[in-house]
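# Residue-level structural notes
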Amino acid sequence: MPHHPKTVSGVEVTPLCDAVGPMGEAIRRPLPEMFPGSALPDEPWVLHFHCYLLRDRAGRLTLVDTGIGGTDSLASSWAPVPGTLTGELAAAGVAPADVDTVILTHLHSDHASGAVSDGRPLFENARYVVQQAELDAADGLLADRVLTPLKGQLLAVDGDAEVTPGVRVHLTPGHTPGHQIARVGELAVTGDLVLHPVQLDDPAVRYVYDDDQERAAATRAAVLGELRAAHALLATAHFAEPFVRL
Ligand SMILES: [Zn+2]
Ligand SMILES: [Zn+2]
């Protein structure tokens, strides 16, 4: 467990480091191409793949994102599978069956693949919270491999919603049509709203794998502006240091 938890508004927030590594050659590009206009140096981008465990005062457990999954995952073509999410959870004293709520920020293979294992929901007692717009846009393969097994446990939300006491989701479209972030007090678990720290300095820096780069940049600027005004604590998916104070 390489990263330390923080407590925010009485909720213990534990970063779960599912994997660390560069993207596979199938989609790897030099950083200046990955983030056009950023003036980043031409060096390898080593990503962390973070999920977050939220434990509130009542002991309710919410997991935000489920990582890259096992060796048979859809992410295996480009991400360093297998992910170590269950080992990270065990190190935090949590078994998959203990998790009450899973929030999927979006349905990319490095955030949603760990939701299922051997064709069954890994978190057997959890509701899985996904934006309706994300479900509507889901790619067929991911729908087959991830959404179909989750069918009986899916909770579709539309826009902003409180999904468990004190934990809210906010629709932040652009990276994907139904991308969402999770909020607890001053904390924001940002998924792929921001991919690289360079986008905190300049939210207009685009990411080549945003579905809609223009919309993503506009959403990033607006949401980061609000979070900065609130001096929010970000919990990021792919930064080397999971937490960033704005
Ligand atoms: Zn990490
Ligand atoms: Zn993504």
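Scope of this entry: the structure provided in the associated data block. (Residues numbered from 1 in each chain as written. Chains lettered and ligands numbered in written order. Predicted model: local features only at pLDDT ≥ 70, side-chain atom pairs only at ≥ 80, totals over all residues. Heavy atoms only, no water.)

Our next topic: the pattern of salt bridges. Applying the stated criterion to the full structure yields four salt bridges. Arginine 55 is the salt-bridge partner of glutamate 12, the closest N and O atoms lying 3.3 Å from each other. Here the residue glutamate 12 occupies a position in strand β2 (residues 11–22), and arginine 55 occupies one in strand β3 (residues 46–55), the gap between them amounting to 43 residues. Judged by its relative accessible area of 29%, glutamate 12 is partly exposed. With a shortest N-O distance of 2.8 Å, arginine 60 and aspartate 56 are connected by a salt bridge. We classify aspartate 56 as buried; its relative accessible area is 13%. (Salt bridge = Lys/Arg side-chain N within 4 Å of Asp/Glu carboxyl O. Helix = DSSP H or I, 4+ residues; strand = E, 2+ residues; numbered from the N terminus. Buried < 20%, exposed > 50% of the residue type's maximum accessible area, 1.4 Å probe, protein only.)

Moving on, we get to the sheet that holds strand β5 (residues 101–103). In a beta sheet, neighbouring strands are held together by backbone hydrogen bonds and run either parallel or antiparallel to one another. Ordered in space as β1-β2-β3-β4-β5-β8-β9, the seven strands form an open sheet in which the pairing is mixed. On the outer flanks of this sheet lie β1 (6–8) and β9 (154–157), each paired with one strand and no other. Ignoring strand direction, the axes of neighbouring strands in this sheet form an average angle of 25°. As defined by bridge partners, β3 adjoins strand β4 (residues 61–64) across four bridges and the pair is classed as antiparallel. The partner of leucine 54 across the bridge, within β4, is threonine 62. (Pairing = 2+ DSSP bridges. Axes fitted to C-alpha atoms, helices over the stretch in contact; angles between N-to-C directions.)

Turning our eyes to something else, we now look at the coordination of the zinc ion (ligand 1). Protein-derived coordination of the zinc ion (ligand 1) comes from His3 (NE2), Cys17 (SG), His48 (ND1) and His50 (NE2), at a distance range of 2.0 to 2.2 Å. In this structure, the zinc ion (ligand 1) is coordinated by four donor atoms arranged in tetrahedral fashion, with angles at the metal of 96 to 120°. For the zinc ion (ligand 1), the single-chain donor residues occur in sequence as H-x13-C-x30-H-x1-H. Of this pair, cysteine 17 sits in strand β2 while histidine 48 sits in strand β3, placing them 31 residues apart in sequence. Note on accessibility: cysteine 17 and histidine 48 belong to one class, buried. (Donors = N, O, S within 2.8 Å, 3.2 Å for Na, K, Ca; no water. Tetrahedral: all angles 85-135°; square planar, octahedral: opposite > 155°, others 65-115°.)

This part is about helix α5 (residues 140–150). Taken as a whole, α5 has its buried residues at Leu142, Ala143, Val146, Leu147 and Leu150. Looking straight down α5, one finds its buried side chains confined to an arc of 120°; they lie on one side. Against the buried residues of α5 lie α3 (109–112), β6 (116–117), β7 (120–121), β8 (127–131), α4 (132–136) and β9. (Arc of directions from axis to C-beta. Contact = heavy atoms within 4.5 Å.)

This part is about the layout of surface pockets. Approximately 450 Å³ is the volume found for the largest pocket. Lining the largest pocket we find 25 residues, and of these Trp78, Leu107, His108, Ser109 and Asp110 sit closest to its centre. Going through the elements one at a time, α3 and α5 are the ones with two or more residues in the lining of the largest pocket. The computed volume of the second largest pocket comes to approximately 350 Å³. (1 Å grid on protein atoms, 1.4 Å probe; cavity = no way out; pocket = protein on both sides within 12 Å on 5 of 7 lines; lining within 4 Å. Points joined across faces, edges and corners; volume = space filled by probe spheres on them.)

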